[in-house]
Every structure is written in structure tokens, then in C-alpha cells.
Amino acid sequence: AELEKRVSIATLPLSDPAKPGMTTTKADPASPAAVAALMERVAAQPGASEWVDEACCRRYLVARQGDEDKAAAMLCETLDWRAQFLSGLEARHRDIRRANATGKLRVCSFADREGRPVLRMAPRLENCRNEHDANLNNLVYHMERLTGGRSVAGVPPSPDG
């Protein structure tokens, strides 16, 4: 009986405030057509070919409730930030090495129950308490390794593998 009560949110009728009494059905924000359209819109952005895939587009569409314009704008902003931040990351590898010397962040060699990569944080190994930028650089470095399975160009791999 409980299963019968469950209804997919993607098929719930939504009232249209512009048309009182009218209802519409919201499209699935992660539909293959919407994902393909978003991938095509951002394909020319720097870094899109190496970072944007179907799963990425699906996350941005869901975050913006299926609005392709908002999802594209958000994804383009992310790609711009990545290009700016990562271009200077090579120059900051000394900070990354120092912040990671104790192994406070580690990309695990295993995945969680749903197959997602795991980043292990050990706050007890903190060695840069008052160095926000060094910690941020170290976190971004490890997130890049976590999400892309690759090292950032010019930055030596961490000792934890």
C-alpha cells in the first residue's frame, strides 16, 4: 500500500501561477535530451572536454530544477573558476606539499557502497591551522584527484597515493 502512495516528483502536476487553474507536468531535469543539450551548450568552454560528462550535467540540471539556462550559466561559472584557480595551482604546489605532509586528506583506494570515490579527512593531523589558502589549495588538489582520477598538472602526487 505504501508503494502505491509514492509518486515520482517528476510526474507531479504543478500549478502555473500565470494561469490560475491550469496544471503542467514538470519535465525530468535529468532527461537524456536535457543532458545532451547542456553538454552541447558548454562544449566550447575551456576545460569542458576533460571535466564535463553526462553525470556532471545531470547534477547541474537537478540543482537548477531542470532550467537549462540556469544550469548552463552555473556550469560555465564553475568552468571559469576551475580555469582560473587551477592555472595558478602549479605555482602553489609547495603549499600543497606542506599542507599534505601529515596526510590529513587522503583519496581512498576504495569506493563507498554506491561506487563513489571517498576522500578521508583526519583533522587530528592538521598542520596548517591558520593558513586558510594552503588548506584550500590542498582540498582543491585532492578534490581534483578524487573527481578526475588524475593529478593536477605540475603538482607532484601526494605520498599517500
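Structural data are supplied above this passage.
Quick caveat, the model's predicted, so the values are computed rather than measured.

1. A short note on the overall build of the protein chain
Counting secondary structure elements, the protein chain contains seven helices and four strands. Secondary structure elements in the protein chain, listed N-terminal to C-terminal, are α-β-β-α-α-α-α-α-β-β-α. Buried positions account for 29% of the 161 residues belonging to the protein chain.

2. Comments concerning the pattern of salt bridges
Two side chains that carry opposite charge are able to pair once their charged atoms sit near each other. Taken as a whole and assessed by the stated rule, the structure comprises seven salt bridges. Put simply, arginine 58 and glutamate 54 hold a salt bridge, and the shortest N to O gap is 3.9 Å. Taken together, the residues arginine 58 and glutamate 54, both in helix 4 (residues 54–63) and four residues apart, mark about one turn of the helix. The class for arginine 58 is partly exposed, based on a relative accessible area of 34%. The class for glutamate 54 is partly exposed, based on a relative accessible area of 48%.

3. Observations concerning the packing of helix 2 (residues 32–42) against helix 5 (residues 68–87)
Helix packing geometry: the angle between the two helix axes and the distance between the axes. For the pair helix 2 and helix 5, the least separation of the axes is 10 Å and the interaxial angle reads 45 degrees. When the interaxial angle is binned, helix 2 and helix 5 end up oblique. Classified by chirality, the crossing of helix 5 by helix 2 is right-handed. Each of Ala34, Ala37, Leu38, Arg41 and Val42 in helix 2 lies in contact with helix 5, whose residues at this interface are Glu68, Asp69, Ala71, Ala72, Leu75, Cys76 and Leu79. Looking at the contact of helix 2 with helix 5, its residues break down into nine nonpolar, no polar and three charged.

Criteria and cut-off values
Residues numbered from 1 in each chain as written. Predicted model: local features only at pLDDT ≥ 70, side-chain atom pairs only at ≥ 80, totals over all residues. Heavy atoms only, no water. Helix = DSSP H or I, 4+ residues; strand = E, 2+ residues; numbered from the N terminus. Buried < 20%, exposed > 50% of the residue type's maximum accessible area, 1.4 Å probe, protein only. Salt bridge = Lys/Arg side-chain N within 4 Å of Asp/Glu carboxyl O. Axes fitted to C-alpha atoms, helices over the stretch in contact; angles between N-to-C directions. Parallel < 35°, antiparallel > 145°, perpendicular 65-115°, else oblique. Left-handed = near helix turned anticlockwise from the far one by under 90°. Contact = heavy atoms within 4.5 Å. Nonpolar A, V, L, I, M, F, W, Y, C, P; charged D, E, K, R; others polar.

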